[in-house]
Amino acid sequence: MTTPTPEPTDPAPIDPASTATALTDDAPEAPQHLWHYPIYTLRLMRHRRRIRQRLEALDRDLREAVQVRDEALALLGEATLSGGAGGVGGRITAFAETLARLDAERATIDRRREASTIELAAAEADRRARLAEFDARLEGLEAELAPLERALVEHVERRDALEHEGEDAADLRRSLELRLAHIEDDFDGADEAARQLYEAERPEIEQKLVELRAADPIRAAARAAIDGPLARLDEQVAELKRMQETVSGQRESWLEEVDGRIAELTASREDELEALARSDVRRRAALVDLGREALHLDGGESPGEDARRALDHIVGLRRARRALQAHDAALDTGPLRITLALIAALGIGLLFLRGC
């Protein structure tokens, strides 16, 4: 015989009697003999696993049903508050006053949240603008500093080259003067061939010394011509670097200050958002309570009927859950415990025998 498919409803009720009966009929029968215990144990474990799965499904359905119920009750509360689901008076009026206070509180919180949001947006915009100004100043200083540093390096290299050239010339002059002195000292005691060589070498040395002495003032003038611009370049580079350090310090201190302010504004806005969320939760809870209070005023039409169906659905789910829990508690688990104990004893015996 084919069971007719029921028409879907929202939410679909669960029949606790049929759920418990289906699992009870499927429960394994208690064994009469000890050698039937292992098969019974396997069937019982599978059966209890199905019970746990059914209970988990019921818990999920129950959580969803509670949300559906609260939504239906909140809608009924809104309808009652606007006069669309029955008259007002007594506790209904008290709920209306409570909700009015909550709405006023939420409006105040929302205004504060909007003000903090606007202030935060302004602070972030100012941060971007001021940061762009600082970066532009630093880029301008860097652009001004780069050619001066290149020129300074070139002047330093030229001056170092002149210094090295002067040192080399001084070393050469000392060497030539020593050679000339040696010739003077050794000339009288030398033989004719050596004297001829000395006489040929002496003019060359003297001519080279003249050239070296003549180059000294030229080199000194060249160094003097470089030292002036070099000092000015060095001062300009140092001044620009000091300006860079000053602007960078101002940038960092300002960033620290403005970022702290932005963090405060962000935290304030988050606090207001959390306060709004709490206010919405309180208002929804009040609407749900108002919906419960107004159920007896409702004329049987939606949303009151939706709330009643949701409440009946929750009752059915809880009954089904209790029936499953009672069925699980009533199962005979003695054979299961005995079987597990025998398996454990057998395992210990095998380990003992293997150890021997």
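Residues numbered from 1 in each chain as written. Predicted model: local features only at pLDDT ≥ 70, side-chain atom pairs only at ≥ 80, totals over all residues. Heavy atoms only, no water.

*Asks:* Please explain a nonpolar patch on the surface as it appears in this structure.
*Replies:* Together, L346, L350, F352 and L353 give the surface a local cluster of nonpolar side chains, amounting to about 480 Å² of exposed area. Within the element layout of this structure, L350 appears in helix 6 (residues 334-355). (Patch = residues over 30% accessible without salt bridge, like charges linked within 9 Å, V, L, I, M, F, W, Y side chains within 5 Å. Areas by Shrake-Rupley, 256 points an atom, 1.4 Å probe, with all protein chains shown as cover. Salt bridge = Lys/Arg side-chain N within 4 Å of Asp/Glu carboxyl O. Helix = DSSP H or I, 4+ residues; strand = E, 2+ residues; numbered from the N terminus.)

*Asks:* Quick question: what am I supposed to make of the packing of aromatic side chains here?
*Replies:* Aromatic ring pairs are described here by two measures, namely the spacing of the ring centres and the angle between the planes. Counted according to the given criterion, the structure contains 1 aromatic pair. Seen from their ring centres, F134 and W254 are 5.8 Å apart, and the 45° between their planes marks the pair as tilted. Placement of the pair is F134 in helix 3 (residues 91-187) and W254 in helix 4 (residues 192-294), with a sequence separation of 120 residues. For F134, a relative accessible area of 6% gives the class buried. (Phe/Tyr/Trp six-rings, centres within 6.5 Å; stacked < 30°, edge-to-face > 60°. Buried < 20%, exposed > 50% of the residue type's maximum accessible area, 1.4 Å probe, protein only.)

*Asks:* I keep staring at the confidence of the model for the protein and nothing clicks. Help me out?
*Replies:* Do not read the fine detail of predicted coordinates wherever pLDDT is low. For the protein, mean pLDDT is 80; residues scoring 70 or higher make up 83% of the total. Mean pLDDT across the elements of the protein bottoms out in helix 1 (residues 16-26) (57) and peaks in helix 3 (88). Note that pLDDT drops below 50 for residues 1-14; the model gives that stretch 11 contacts with residues more than four away or on any other chain. Confidence drops under pLDDT 50 across residues 84-88; counting only partners more than four residues distant or on other chains, this segment forms 11 contacts. (pLDDT = per-residue confidence, 0-100. Contact = heavy atoms within 4.5 Å.)

*Asks:* Would you mind going over the packing of helix 3 against helix 4 with me for this structure?
*Replies:* Helix packing for two helices is described by the angle between their axes and how far apart those axes are. Their axes nearest at 2 Å, the elements helix 3 and helix 4 cross at an angle of 170°. If you check the angle between helix 3 and helix 4, you find them roughly antiparallel. Among the residues forming the contact of helix 3 with helix 4, the class breakdown is 48 nonpolar, 12 polar and 49 charged. (Axes fitted to C-alpha atoms, helices over the stretch in contact; angles between N-to-C directions. Parallel < 35°, antiparallel > 145°, perpendicular 65-115°, else oblique. Nonpolar A, V, L, I, M, F, W, Y, C, P; charged D, E, K, R; others polar.)

*Asks:* Where do I start with the packing of helix 2 (residues 37-81) against helix 4 in this structure?
*Replies:* In contact at an axis separation of 7 Å, helix 2 and helix 4 are set at 80° when each is read in the N-to-C sense. When the axes of helix 2 and helix 4 are compared, the pair comes out roughly perpendicular. Of the residues in helix 4, those touching helix 2 at Q67, R69, D70, E71, L73, A74, L76, G77, E78, T80 and L81 are R283, R284, L287, V288, L290, G291, R292 and A294. Residue classes in the contact of helix 2 with helix 4 are distributed as 8 nonpolar, 4 polar and 7 charged.

*Asks:* Just checking my understanding: could you explain the pattern of salt bridges for this structure?
*Replies:* Pairs can form between side chains of opposite charge whenever their charged atoms are close. A complete count under the given rule lists 30 salt bridges for this structure. Its salt-bridge partner being R219, residue E165 comes within 3.6 Å of it at the nearest N-O pair. On the criterion of sequence distance, the pair formed by E165 in helix 3 and R219 in helix 4 is long-range, its members being 54 residues apart. Judged by its relative accessible area of 7%, R219 falls in the buried class. Salt bridges linked by common partners bring R159, E163, R223 and D227 together as one network.

*Asks:* Would you take a moment to explain a positive patch on the surface for this structure?
*Replies:* Together, R43, R46, R49 and R52 make up a region of like positive charge exposed at the surface. One can find R43 in helix 2. Overall, R43 belongs to the partly exposed group, its relative accessible area being 49%. (Lys, Arg positive; Asp, Glu negative; His and termini not counted. Charge placed at Lys NZ, Arg CZ, Asp CG, Glu CD.)

*Asks:* Just to check I follow, could you spell out the side chain of S279 for this structure?
*Replies:* Inspection of the secondary structure puts S279 in helix 4. Judged by relative accessible area, S279 falls into the buried class, the value being 1%. Apart from the residues within four sequence positions on either side, S279 is in contact with L102, E105, R106 and I109.

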